[in-house]
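Below, each chain spelled out in residue letters.
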Amino acid sequence: MALPVAFFAVFFAYPVAAIVGRGLRTDGVWQFGRIGAVLGRSDILDVLWFTTWQALASTALTLLVALPGAYVFARFDFPGKQLLRAVVTVPFVLPTVVVGTAFLALLGRGGLLDELWGVRLDTTVWAILLAHVFFNYAVVVRTVGGLWSQLDPRQEEAARVLGAGRLAAWRRVTLPALAPAVAAAALMVFLFTFTSFGVVQILGGPAYSTLEVEIYRQTAQLLDLPTAAVLTLVQFAAVGGILAVHAWTVRRRETALKLVDPAQTSRPPRGAGQRVLLGGVLLSVLLIVLLPLGVLVERSLDTSAGYGFAFYRALQSADANGSTFLVPPLDAIGNSLRYALVATLIALVIGGLAAAALTRRRAGRLVRGFDALLMLPLGVSAVTVGFGFLITLDEPPLDLRTSWILVPLAQALVGVPFVVRTMLPVLRAVDDRLREAAAVLGASPLRAWREVDLPLVRRAVLVASGFAFAVSLGEFGATVFIARPDNPTLPVAVARLLGRSGELNYGQAMALSTILMLVCAVSLLVLERIRTDRSGEF
């Protein structure tokens, strides 16, 4: 635990505490009265209210749209199912900047709806809600559908034999079994939408601001650290509560159910009703997932001279349109790949050590509590972490403000939770008696790990690497503060281009977003192949 604890203490707790300290202290004296003063402001109360109700609305809308999809992927067997499951997961690993850009191309000025019917939805709450459904659709499908596919259908069939109708059997047997998974999915969707930044920043306009967007505005534009510190504490408390409830629902799901092999529950759709349901789900995937991605690609090719690759070619020049880029925007691709690879290595080391420590049966309460703390970087303001890097890591021996390693460190903070969540179940499934047998035969702890654990968790390591790489590639909230102008990442370059007027800037933003989307999609398809390949060890 030494290295993971030190990593999170130095690169997460210290920067966040420094930001809060600067905002709430004056001449060494804590000014806790500022909390009440900030929370009493009407504009801040409006931000808190909008953050909460849009997260609730986004969660409800996502469940409404995605639960039928969870059932279809869990119970039906149809051609292209594995490919489609990977496709619906692509939005979740996309950077929020790309999600916002895709919906801007669909709903904004000059977008598809504007051209067809003269309707614009950007700068409205509907654009934000639809983008959140797009982003979180896979959370519900994966979380609820994964459990649904393992529920024994014979329990519901027994209720039907005893006289219960189809709806009554589902309500009394299946729904109670699914409730923990639905609750867990809802809490995760609420967490991601409650802390939404890139989507609201691009689609919401000045009229809508979540806590994360307001923290960025107070920090980067107004330099009002006291207000930003109070909002960070509010977000921290809210996220902590959400994660505590999520951990409780996960424990219920893990201990209260009898599961079967998913292959026993999946079958081709039968009857007109099931075929209509399958068609409706496929149509919703087409409209909610594929259409925004397709429009993004189309806009990247649509130039004033007709369809072509002019916007992609313009990415090779730093001054193609008189922009202030110090390097060609295309260089952001190489920067992002290098940063993401380093961040993935860091996340694997830190997350792997943490997961190994958490699997020990004699782990104390302090170690088990660290399991929940590992999730905090997903919910605590990345803007606060990024700005905290700048004001804390500026003196020897950790003067890293001009070092390239600062960006991978920030990205690794987001990647570590994915590594832990992927590796922990597999490590816990390894029988301790195998390690003990290796020790009896004379193997050192290191050799026992190499000969016993590593072969069993190799595939989990590959999956964890893929997720860490994808989320590192798309990290934006912290990177926007610390990426140097001569070494921008892809999300930062997209945001800069969208912030400037002109057709060429807009087209280049679409082209860069398309490239980033393709990289993330390829990574996810490789992950899906690794997960479904049964030719390996387990």
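Keep in mind it's a predicted model, so treat the numbers as computed, not measured. (Residues numbered from 1 in each chain as written. Predicted model: local features only at pLDDT ≥ 70, side-chain atom pairs only at ≥ 80, totals over all residues. Heavy atoms only, no water.)

(A) A look at the overall build of the chain. Across its full length, the chain carries 24 helices and six strands. Whereas a compact globule of 538 residues would reach a radius of gyration of roughly 24 Å, the chain reaches 24 Å, a difference of no more than 12%. Considering only C-alpha atoms, the chain reaches an extent of 70 × 65 × 50 Å along its principal axes. For the chain, contacts bridging at least 24 residues in sequence account for 79% of all contacts bridging at least 6. Carbon and sulfur atoms provide 64% of the accessible area of the chain, an area that totals close to 24300 Å². Computed over 46 positive and 34 negative side-chain charges, the separation of the two mean positions in the chain equals 9 Å. (Helix = DSSP H or I, 4+ residues; strand = E, 2+ residues; numbered from the N terminus. Rg over C-alpha atoms; globule rule 2.2 N^0.38 Å. Contact = heavy atoms within 4.5 Å. Areas by Shrake-Rupley, 256 points an atom, 1.4 Å probe, with all protein chains shown as cover. Lys, Arg positive; Asp, Glu negative; His and termini not counted. Charge placed at Lys NZ, Arg CZ, Asp CG, Glu CD.)

(B) Local environment of the environment of Phe389. Within the fold, Phe389 resides in helix 18 (residues 382-392). Residues Phe389 and Tyr14, 375 residues apart in the sequence, show an inter-C-alpha distance of 8.9 Å. When near neighbours in sequence (up to four residues on either side) are disregarded, Phe389 contacts Phe11, Pro15, Leu406, Leu409, Ala410, Leu413 and Ile482.

(C) View of the layout of surface pockets. In this structure, the second largest pocket encloses a volume near 970 Å³. If you trace the second largest pocket, you find 38 residues lining it, with Leu104, Leu497, Leu498, Gly499 and Arg500 closest to the centre. Among the elements of the structure, helix 5 (96-107), helix 10 (198-203), helix 11 (211-221), strand 3 (302-303), helix 23 (490-498) and helix 24 (503-532) are those that each provide at least two residues to the lining of the second largest pocket. For the lining of the second largest pocket, the element with the most residues is helix 23, which contributes five residues. Here the lining of the second largest pocket is built from residues that sort into 18 nonpolar, 11 polar and nine charged. (1 Å grid on protein atoms, 1.4 Å probe; cavity = no way out; pocket = protein on both sides within 12 Å on 5 of 7 lines; lining within 4 Å. Points joined across faces, edges and corners; volume = space filled by probe spheres on them. Nonpolar A, V, L, I, M, F, W, Y, C, P; charged D, E, K, R; others polar.)

(D) Summary view of the environment of Gly100. Looking at the secondary structure, you find Gly100 in helix 5. Placed 103 residues apart in sequence, Gly100 and Leu203 show a C-alpha to C-alpha distance of 6.2 Å. Setting aside residues up to four positions removed in sequence, Gly100 forms contacts with Val199, Ile202 and Leu203.

(E) Spotlight on helix 7 (residues 125-148). An ideal rise of 1.5 Å per residue puts 34 Å on 24 residues; helix 7 measures up with 32 Å between its terminal C-alpha atoms. Of all the bends in helix 7, the greatest measures close to 45° and is centred on Asn136. Counting buried residues along helix 7, 19 of its 24 residues qualify, which places the element largely inside the surrounding structure. (Expected span 1.5 Å × (residues − 1). Bend = angle between axes of the 7 residues up to and from the residue. Buried < 20%, exposed > 50% of the residue type's maximum accessible area, 1.4 Å probe, protein only.)

(F) Spotlight on the packing of aromatic side chains. Evaluation of the coordinates by the stated rule reveals 16 aromatic pairs. Aromatic side chains Phe50 and Trp53 sit 5.9 Å apart centroid to centroid with 85° between the ring planes, which places their arrangement in the edge-to-face category. With Phe50 and Trp53 both in helix 3 (residues 42-75) and three residues apart, the pair spans about one turn of that helix. Measuring from ring centre to ring centre gives 5.7 Å for Phe197 and Phe476, while their planes differ by 25°; the resulting arrangement is stacked. Pair noted here: Phe197 is in the loop between helix 9 (166-194) and helix 10 and Phe476 is in the loop between helix 21 (445-474) and helix 22 (479-482), with a separation of 279 residues, a long-range link. One exposure class covers both Phe197 and Phe476, and it is buried. (Phe/Tyr/Trp six-rings, centres within 6.5 Å; stacked < 30°, edge-to-face > 60°.)

(G) A look at empty space enclosed by the protein. Tallying each qualifying case throughout the model produces four cavities of 30 Å³ or more. Taken together, 30 residues line the largest cavity, and the ones lying closest to its centre are Thr96, Phe135, Phe192, Leu378 and Val414. Elements with a contribution of two residues or more to the lining of the largest cavity: helix 4 (81-93), helix 7, helix 9, helix 10, helix 17 (376-379), helix 19 (406-429) and helix 21. Partitioning the lining of the largest cavity into residue classes produces 17 nonpolar, 11 polar and two charged.

(H) Up close: the confidence of the model for the chain. Confidence in the prediction for the chain averages 81 pLDDT; 90% of positions are at 70 or higher. Overall, residues 534-538 carries pLDDT values under 50, and its contacts beyond four positions in sequence, including any with other chains, amount to eight contacts. (pLDDT = per-residue confidence, 0-100.)

(I) Up close: the pattern of salt bridges. For the coordinates displayed, the defined rule picks out five salt bridges. Among the salt bridges present, the one from Arg217 reaches Glu214, with a minimum N-O distance of 2.8 Å. With Arg217 and Glu214 both in helix 11, this residue pair falls three residues apart, about one helical turn. In this structure, the salt-bridge partner of Arg299 is Glu298, at a minimum N-O distance of 2.3 Å. (Salt bridge = Lys/Arg side-chain N within 4 Å of Asp/Glu carboxyl O.)

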